[in-house]
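# Examination of the molecular architecture
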Amino acid sequence: MSSNADRHGTIAQAVRESGRLTVQELVGLTGASEMTIRRDLDVLAAQGVLERVRGGARTLLLRGEEPPFALRAHESLDAKRRIAAEVSSLVADGETVLLDSGTTCLEVAHLLRRRPVTVMPLSLQAIHVLGENPGPAKLMVPGGRPRAGEGALTGPLTLASLAALRFDTAVMGCCGLSAAQGLTAYDLDDAAVKKAAIAATRRVVVAADGGKLGHTAYAYVGPSTLLHTLVTDTGAPADEVTALEDTGTVVKTV
């Protein structure tokens, strides 16, 4: 499974960076057979990660847009899994956990499913993970409307669900984070949900790969001083890590 996922991740990233690649080029890049690559491209095209063109594939991405969930799910998978393992270790048995939408939080869902905790996920993907193979974790489902392509739950019903409850830990994702500009998102509705989530919890743990640090998206969520802990990877810019630590956030690098 992991070799399949790793190859898909490699292909998705290469096509995104190059704009367009042929099957032959992808054979050279991955060492897989032509038939395997063609099958991979069909799978990735069906997920909306790339567009299948004669003899290869091309990217669907415009600059300045949030990359689609299906594409982000393949990026930095090793780093996301290391981050998820560290986040899971910070959650104690018996806690009530609010789990944000996003690809890194989805990796956390896979780990929390096997723990005796209560989890309320804010995305359809994580609800599916926690509900499909029930483990010791107790699943709570919020109301709301899923964002197209993202599965992130937003709107008045989601906000009402958050206002009615109090959590021990909120595991949050983000689109951008910096000591100067705080926590930001690409979508105003998503930012409203993140604000409500932070207001409903005792402790905020942000799970974000290094690429998100020092980056700012346009919808403001709140200052970095709201965050108790940031779990990131070794790709995080050192100056940004230091600046966040200076504002009182505990930074764990995995």
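Remember, predicted model here, so these are calculated numbers, not experimental data.

How each quantity is defined
Residues numbered from 1 in each chain as written. Predicted model: local features only at pLDDT ≥ 70, side-chain atom pairs only at ≥ 80, totals over all residues. Heavy atoms only, no water. Axes fitted to C-alpha atoms, helices over the stretch in contact; angles between N-to-C directions. Helix = DSSP H or I, 4+ residues; strand = E, 2+ residues; numbered from the N terminus. Parallel < 35°, antiparallel > 145°, perpendicular 65-115°, else oblique. Left-handed = near helix turned anticlockwise from the far one by under 90°. Contact = heavy atoms within 4.5 Å. Pairing = 2+ DSSP bridges. Core = buried A, V, L, I, M, F, W, Y, C linked by side-chain atoms within 4.5 Å. Buried < 20%, exposed > 50% of the residue type's maximum accessible area, 1.4 Å probe, protein only.

### Some points on the packing of helix α6 (residues 103–112) against helix α7 (residues 124–132)
Angle between the axes and distance between the axes: these two values describe a pair of packed helices. Packing of α6 against α7 brings their axes to within 9 Å, and their N-to-C directions diverge by 15°. When the axes of α6 and α7 are compared, the pair comes out roughly parallel. α6 and α7 meet at a crossing whose hand is right-handed. Mapping the contact onto sequence places L106, A109, H110 and L112 in α6 and Q125, A126, V129 and L130 in α7.

### With respect to the sheet that holds strand β3 (residues 56–59)
The strand order β1-β3-β2 describes an open sheet built from 3 strands, whose pairing is antiparallel. Because the sheet does not close on itself, it has two edges, and the strands there are β1 (20–22) and β2 (50–53). Going across the sheet, the axis of each strand differs from the next one's by a mean of 25°, ignoring polarity. Taken together, the 3 bridges between β1 and β3 define a ladder with antiparallel strand orientation. Note on β3: the bridge partner recorded for L21 is A57. On the sheet, helix α2 (residues 23–30) packs against β1 and β3 and is oriented at approximately 80° with respect to β1. The strands touched by helix α3 (residues 34–46) are β2 and β3; relative to β2, the strand with the most contacts, the crossing angle is about 130°.

### Examining the nonpolar core
Ranked by size, the top nonpolar core spans 31 residues in total, and within it L98, L162, L177, L183, V206 and L230 carry the most contacts. Listed by contribution, the elements that provide at least two residues to this core are β9 (167–172), β11 (182–185), α9 (188–199), β12 (201–207), β13 (219–222) and α10 (238–246). In terms of residue count, the dominant contributor to this core is α9 (5 residues). Residues V97, A109, V117 and A137 belong to the second largest nonpolar core, which totals 21 residues.

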